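Residue strings, one per chain:
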Amino acid sequence: MLGRWRSRGGMVARPLTLRHALETAGLALATLALAIVVLVFAADFQLSQAQAQEHHHPAADIPIHEQFYSSWMMPDKPGRSCCNQRDCYPTEARYRDGFWEARRREDGQYVRVPWEKVEQNRDNPDGRNHVCMPPLSLNNHRDEVYCFTLGAGI
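Read on for a plain summary of the structure. It should be emphasised that the depicted structure is a prediction, and the values quoted were computed from it without experimental measurement. Once a new chain begins, its residue numbering starts again from 1 and follows that chain's sequence as written. It should be noted that, the model being predicted, local features are given only for residues of pLDDT at least 70 and side-chain atom pairs only at 80 or more, the latter also being counted only at that level, while totals for whole chains, interfaces and linings use all residues. Side-chain measures here rest on the full set of heavy atoms in the structure, leaving out hydrogens and waters.

All right, on to the sheet that holds strand β10 (residues 147-149) then. One requirement defines pairing of two strands: DSSP has to find at least two bridges between them. Secondary structure elements are defined from DSSP: runs of H or I of at least 4 residues count as helices, runs of E of at least 2 residues count as strands, and each element is numbered from the N terminus. The 3 strands lie next to each other as β5-β9-β10, forming an open sheet whose pairing is antiparallel. Each of the sheet's edge strands pairs with one partner strand only, and the pair in question is β5 (88-90) and β10. For this sheet, the mean inter-axis angle between neighbouring strands, taken without regard to orientation, is 10°. Pairing of β5 with strand β9 (residues 130-132) involves 3 bridges; the strand directions are antiparallel. Axis definition: a line fitted to C-alpha atoms, limited for helices to the stretch in contact. Angles are taken between N-to-C directions and run from 0 to 180 degrees.

Dropping the structure here:
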């Protein structure tokens, strides 16, 4: 009876064909894929918004950090700013294999700081280590450092 139309209580039912089954499954998979893409972008957007608001600064230090970050220029490119208001923050640092490494706030991983990115000509505002690097996100997996300054305790 496959491929024939049947009548059930006055209604005609469409027979299930392989083509119809594949079309239905394809539509369901496309809908699922679109939903996943939307969820991934929404999660990435919320993560970046939360990171932009999370500075890891004591409340009293926010104005001095904002002043410092807004006027901090890259040591190797003095005409370029280190910060875009969301990628600079106090950090932990360690010296390893001849390089400084700064701890990335998003995942706690240490990222190697190229020597040309270490600030030599300016003091930081609070004696702590500071780093500027792009936030880790689904769209950004680079281990790049724009600027780094050592605190007085190191």
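Let us look at the packing of aromatic side chains. Pairs were defined over the aromatic rings of Phe, Tyr and Trp, the Trp ring being its six-membered one, requiring ring centres within 6.5 Å. Orientation was assigned from the angle between planes: stacked under 30 degrees, edge-to-face over 60, tilted for the rest. Scanning the entire structure with this criterion turns up 7 aromatic pairs. Grouping aromatic residues by their ring pairs yields a cluster made of Y95, F99, W100, W115 and F148. Either the NZ atom of lysine or the CZ atom of arginine qualifies as a charge over a ring when it sits within 6 Å of the ring centre and within 35 degrees of the ring normal. Positioned above the aromatic ring of Y110 is the side chain of R94, whose terminal nitrogen or guanidinium carbon lies 3.9 Å from the ring centre.

Here we come to the pattern of salt bridges. Salt-bridge detection follows one rule: a side-chain nitrogen of Lys or Arg within 4 Å of a carboxyl oxygen of Asp or Glu. Taken as a whole and judged by the stated rule, the model has 8 salt bridges. Between R94 and E101 there is a salt bridge, with its nearest N and O atoms 2.6 Å apart. Three exposure classes are used, based on accessible area relative to the maximum for each residue type with a 1.4 Å probe and protein chains only: buried under 20%, partly exposed in between, and exposed over 50%. Here R94 falls in the partly exposed class, since its relative accessible area comes to 31%. The shortest N-O distance in the salt bridge between R105 and E106 comes to 3.2 Å. Note on E106: relative accessible area 22%, which makes it partly exposed.

As a further point, take the state of the cysteines. For the purposes of this analysis, a disulfide is any pair of cysteine sulfur atoms at a distance within 2.5 Å. With the rule as written, the count across this model stands at 2 disulfides. Disulfide pairing is shown between C82 and C147; the S-S distance is 1.6 Å. Judged by the torsion about the S-S bond (-80°), the C82/C147 disulfide is left-handed. Here C82 is found in the loop between β4 (77-81) and β5, whereas its partner C147 is found in strand β10, with 65 residues between them in sequence. Like C147, C82 is buried. Each sulfur of the disulfide joining C88 and C132 lies 1.8 Å from the other. Its S-S torsion of approximately 110° makes the covalent link between C88 and C132 right-handed. On the criterion of sequence distance, the pair formed by C88 in strand β5 and C132 in strand β9 is long-range, its members being 44 residues apart. The burial state of C88 is the same as that of C132; both residues are buried.

Let's shift gears to the layout of surface pockets. Regions of empty space are outlined by a rolling probe, equal in size to a water molecule, passed over the atoms. Reported here for the largest pocket is a volume of approximately 160 Å³. Charged residues are taken to be Asp, Glu, Lys and Arg, nonpolar residues to be Ala, Val, Leu, Ile, Met, Phe, Trp, Tyr, Cys and Pro, and polar residues to be all remaining types, Gly included. Each residue belonging to the lining of the largest pocket can be placed in one class, and the counts come to 2 nonpolar, 3 polar and 5 charged. In this analysis, the protein atoms alone were mapped onto a 1 Å grid. Cavities are point sets where a 1.4 Å probe fits without being able to get out; pockets are open sets with protein on both sides within 12 Å along at least five of seven lines; lining residues have an atom within 4 Å of a point. Grid points are joined across faces, edges and corners, and a volume is the space filled by probe spheres set on the points.

It is worth spelling out the sheet that holds strand β8 (residues 110-113) at this point. Pairing is antiparallel across the open sheet formed by 3 strands, whose spatial order is β6-β7-β8. Looking at strand neighbours, the two that pair on one side only are β6 (93-96) and β8, the edges of this open sheet. With strand direction ignored, the average angle separating the axes of adjacent strands in the sheet is 35°. Looking at chain direction, strand β7 (residues 99-103) and β8 are connected through 4 bridges and run antiparallel. Residue R103 lies in a different strand from β8, and its bridge partner there is Y110.

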